[in-house]
Amino acid sequence: QDAAKKIVNMFEKSIKDGNHENYERCPVLHKRYSPIPKEAMDSFDDNEKAKFMLSLFWAPQANTLPMTWWVLAHILNDPRVKAKVEDEVRNGVFKNAPDANGHYPCDPNDL
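Because the structure is predicted, anything quoted here is derived from the model rather than measured. (Residues numbered from 1 in each chain as written. Predicted model: local features only at pLDDT ≥ 70, side-chain atom pairs only at ≥ 80, totals over all residues. Heavy atoms only, no water.)

Student: Which parts of the structure should I look at to understand the pattern of salt bridges?
Tutor: Oppositely charged side chains may form a pair once their charged atoms are brought near each other. Applying the stated criterion to the full structure yields 1 salt bridge. Taking the shortest distance from any N to any O, the salt bridge between Arg80 and Asp78 comes out at 4.0 Å. Classification of Asp78 as buried rests on a relative accessible area of 19%. (Salt bridge = Lys/Arg side-chain N within 4 Å of Asp/Glu carboxyl O. Buried < 20%, exposed > 50% of the residue type's maximum accessible area, 1.4 Å probe, protein only.)

And the structure:
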């Protein structure tokens, strides 16, 4: 909780310093703010804006690690799924020999 408060404080200071007055210039913030009417956004105090900004950075990655763990656990614990994944990797991504740099060429149509 302390870390989240520190990050909110960092965003709040940045807002107070005027770094986010023209959020339209930042594509990420503009895309996130765009569904919110400008009048509503302007009515938020700096702390509310800072919390909103923290949520923009936190939300996309919050479940990535647990989801990855469960997917990997499922693959490793189900021999049928594991075989399918191994076959797809072997015959898809690694079907070609590596180039001189050790990179495997990949045809986007195979993805």
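Student: Help me understand the packing of helix H4 (residues 46-62) against helix H5 (residues 64-77) in this model?
Tutor: Here H4 crosses H5 at 5°, and the two axes come no closer than 6 Å. In terms of axis orientation, H4 runs roughly parallel to H5. Judged by residue contacts, Pro60, Gln61 and Ala62 of H4 engage Thr64, Leu65 and Pro66 from H5. Taken together, the residues that form the contact of H4 with H5 break down as 4 nonpolar, 2 polar and no charged. (Axes fitted to C-alpha atoms, helices over the stretch in contact; angles between N-to-C directions. Helix = DSSP H or I, 4+ residues; strand = E, 2+ residues; numbered from the N terminus. Parallel < 35°, antiparallel > 145°, perpendicular 65-115°, else oblique. Contact = heavy atoms within 4.5 Å. Nonpolar A, V, L, I, M, F, W, Y, C, P; charged D, E, K, R; others polar.)

Student: Got a minute to help me understand the environment of Phe11 in this structure?
Tutor: Structurally, Phe11 is set in helix H1 (residues 2-16). In this structure Phe11 comes out as buried when scored by relative accessible area, which is 12%. Measuring from C-alpha to C-alpha, the distance between Phe11 and Ala50 comes to 5.0 Å, with 39 residues separating the pair along the chain. Apart from the residues within four sequence positions on either side, Phe11 is in contact with Ala50, Met53, Leu54 and Phe57.

Student: Sorry if this is basic, but what is going on with the packing of aromatic side chains here?
Tutor: To describe a pair of aromatic rings, you give the distance between the ring centres and the angle between the ring planes. Scanning the entire structure with this criterion turns up 1 aromatic pair. Arranged with centres 4.6 Å apart and planes meeting at 85°, the rings of Trp69 and Trp70 form a pair that is edge-to-face. For the pair Trp69 and Trp70, one class covers both residues: exposed. (Phe/Tyr/Trp six-rings, centres within 6.5 Å; stacked < 30°, edge-to-face > 60°.)

These figures capture arrangement, not role.
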